[in-house]
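Okay, here's what each chain looks like letter by letter:
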Amino acid sequence: MELDAHIPPGPIADKWDNHRFEMKLVAPQNRRKFDIIVVGTGLAGGSAAATLGEMGYNVKSFCFQDSPRRAHSIAAQGGINAAKNYKNDGDSVHRLFYDTIKGGDYRSREANVYRLAQISTQIIDQCVAQGVPFAREYGGLLDNRSFGGAQVSRTFYARGQTGQQLELGAYQALSRQIELGTVEMHPRTEMLDLVVSNGRAAGIVVRDLVTGEISSHSAHAVVLATGGYTNAFFLSTGAKGCNVTAIWRAHKKGAYFANPCYTQIHPTCIPVSGDYQSKLTLMSESLRNDGRVWASKTKGDRRKANEVPEGERDYFLERRYPAFGNLVPRDVASRAAKAVVDEGYGVGDLGNGVYLDFADAIHRLGRTTIEQRYGNLFDMYAKITGEDPYTVPMRIYPAPHYTMGGLWVDYNLMSNVPGLFVVGEANFSDHGANRLGASALMQGLADGYFVLPATITGDLAGQLNTQPLPTTDPCFQQAEAAVKEQINTFLTINGSRTPDWFHRKLGRTLWELCGMARNAAGLQQARKEIGALREEFWQDVRVLGEGESLNQSLEKAGRVADFFELGELICQDALAREESCGGHFREEHQTPEGEALRDDVNFAYVAAWEYAGKGELAKLHKEDLEFEYVHLAQRSYK
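These numbers come from a predicted model, not from an experiment.

So, the pattern of salt bridges
All chains considered together, the criterion is met by 44 salt bridges. Residue Arg 303 pairs with Glu 312 through a salt bridge whose shortest N-O separation is 2.6 Å. With a relative accessible area of 31%, Arg 303 lands in the partly exposed category. For Glu 312, a relative accessible area of 31% corresponds to the partly exposed category. Linking Arg 335 and Asp 331 is a salt bridge whose minimum nitrogen-to-oxygen distance equals 3.5 Å. Here the residue Arg 335 and the residue Asp 331 both occupy positions in helix H9 (residues 330–345), the gap between them amounting to four residues, near one helical turn.

Some details on the sheet that holds strand E10 (residues 221–224)
As summarised here, the arrangement of the five strands in space is E6-E2-E1-E10-E18, forming an open sheet in which the pairing is parallel. A strand with exactly one partner marks an edge of an open sheet, and here the two such strands are strand E6 (183–186) and strand E18 (420–422). Between one strand axis and the next, the sheet turns through 20° on average, direction left out of account. Two strands pair when backbone bridges link them, and E10 and E18 are joined in this way by three bridges, in the parallel orientation. From the neighbouring strand, Leu 224 faces E18, where its bridge partner is Val 422. Of the strands in this sheet, strand E1 (35–39), E10 and E18 touch helix H12 (residues 440–460), which is tilted by about 150° from E10.

Describing the packing of helix H14 (residues 499–514) against helix H16 (residues 552–576)
How two helices sit against one another is set out by the angle between their axes and by the gap between those axes. Orientation of H14 relative to H16, taken along the N-to-C sense of each, is 20°, at an axis distance of 9 Å. The orientation of H14 with respect to H16, classified from their angle, is roughly parallel. For the element pair H14 and H16, the recorded crossing hand is left-handed. For the pair H14 and H16, contact is made by Pro 499, Asp 500, Phe 502, His 503, Leu 506, Leu 510 and Cys 514 and by Ser 553, Lys 556, Ala 557, Val 560, Phe 563, Phe 564, Gly 567, Ile 570, Cys 571 and Ala 574, respectively. In terms of residue class, the contact of H14 with H16 is built from 12 nonpolar, three polar and two charged.

Details of the domain arrangement of the protein chain
According to the domain assignment, the protein chain contains domain 1 (266–400) and domain 2 (474–604). For domain 1 and domain 2, the distance between their C-alpha centres works out to 30 Å. Across the contact, 14 residues belong to domain 1 and nine residues belong to domain 2. When domain 1 packs against domain 2, close to 850 Å² is buried across both sides, 54% of that on carbon and sulfur atoms. Applying the counting criterion to the domain 1 and domain 2 interface returns one salt bridge. Where Glu 595 meets Arg 320, a salt bridge forms, and the shortest distance between an N and an O atom there is 3.3 Å. Between domain 1 and domain 2 we count five residue pairs in polar contact (both at pLDDT 80 or more) in total. Elements supplying a minimum of two residues to the side of domain 1 that touches domain 2: H9 and strand E16 (394–403). The dominant element in the side of domain 1 that touches domain 2, judged by the number of residues it contributes, is H9, at five residues. Residues that form the side of domain 1 that touches domain 2 fall into these classes: seven nonpolar, two polar and five charged.

What counts as what
- Residues numbered from 1 in each chain as written.
- Predicted model: local features only at pLDDT ≥ 70, side-chain atom pairs only at ≥ 80, totals over all residues.
- Heavy atoms only, no water.
- Salt bridge = Lys/Arg side-chain N within 4 Å of Asp/Glu carboxyl O.
- Buried < 20%, exposed > 50% of the residue type's maximum accessible area, 1.4 Å probe, protein only.
- Helix = DSSP H or I, 4+ residues; strand = E, 2+ residues; numbered from the N terminus.
- Pairing = 2+ DSSP bridges.
- Axes fitted to C-alpha atoms, helices over the stretch in contact; angles between N-to-C directions.
- Contact = heavy atoms within 4.5 Å.
- Parallel < 35°, antiparallel > 145°, perpendicular 65-115°, else oblique.
- Left-handed = near helix turned anticlockwise from the far one by under 90°.
- Nonpolar A, V, L, I, M, F, W, Y, C, P; charged D, E, K, R; others polar.
- Domains from an automatic or database assignment.
- Buried area = accessible area lost by both parts, 1.4 Å probe.
- Polar contact = N/O pair within 3.5 Å; in protein donor to acceptor, adjacent residues only side chain to side chain.

Right, here's the structure in full:
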């Protein structure tokens, strides 16, 4: 089955404006007749709920944190892209569009990416008006810095805490609507199922994480903005609470899951330090503006970095990719670092990293300038490692970071389930097989502030003067019963292993066999291992406590159960895609230089998977990708 993305006709630069004009509208006096559920309060969800509330809709907002402002968007450190060309270095909407298509290795939808580039300029104006403290030049103008995958400076930033500042801006807008009564906020509440009636999303089932109460909420439309799923790997840069549950439960109710194997490995993470580590810490890609990546030219060299003479250092990114140097895209930099470590040139006591060195930048610009640009990042690194990055290089190594896969959506950000919209990292769109740095914040705010509020009206207009399905309907009762049954199952298995034990085992299998490099034999082995471990999980997991109270062990069990099923789908998708593209690197498909080798004849499509039932292989649906404005070519950053 081929999917229809409902891409508007006409020239790409006119599609969005024409589409907004032709779309059905909901008049201001009618908006208060509609109820909308928004799950997640990060940049996408927070901005969506705030904007929809401002427009006059009745919004219910849900998050499992104790405050909406604690969503994981706060951890996005480096910046947000916008094609304003403030540096007068050749940037434009078309160049941002081209860089994003190329950076995603030609596996994203042209129309969505061009719209994203267009809206990027509006996002900055919106956030400045909200008081987001972007860095400024001496004269007071907004400053820009460079990021990987581009040869222009288009990234707006607030030191190393851009995501936090943007999240606070969205939170302030959301708080205003909560005070005005247009948004009803439900913190400490986790979505555990999507309710579908007659093929349309009708509401959600949630659990109060403090009292354990199970309840249902209905609406005319449901918006999922629950982020990505790299915590399937256990060790990742995501917050410990990040999970796939909301979109996975929607997938099991009929929503297609697109490109699950497109997971991004970030090159600038603090290396693993021990077997019992619970998560990893990201060092912003912005550091590659001034930091130089290198390793010793001698295998097994365990000398301290400052003891290695300049002539014995291999600046391998600058050597392999002279045109972009240290600012190649994340997937390219990650594979290069992995190759260096695999060949025995890794640095540090464990030999599991490479250096990110700021000595040249400090000598050239002065320590004060580096402190102003990255001070909080340097402080964080020093606290975690006990090493001063002003005097010795940082040690970095790639780690799971972002997911380009997610629920399939059309041009209007609606899934194949009518009434179910998906925004931000929870959907698959815009980034293709690899996300360029500083684009996550851009997509989240574009979706929440500008795209969804315009496109959701086209769906709601047809629902005027209808009431949401009452929560007494059998559809809600059945969903609640299924949620309670799973909770009871977890509490009565009474096995011998914790959810974390199973999660760690699952993550190790995914990382080793479906991480930075994949091959057919390894993926088949991973599917067997994950399936066997999943069966063991349902027989031997131990969840202490009870369901009618705060129970983090119970929360983890539900999320790990979903990660098992997702892990199997990731491997199925990776096995079916017989090519290398972006973050999906099949060892059987690479150029003589070791770069990703695409197969545009057979795989220029979005893989959207339909849930086929417990233990069954998912069913593949395809959305063919057409490239009219960008010429397909082998990526080169040399």
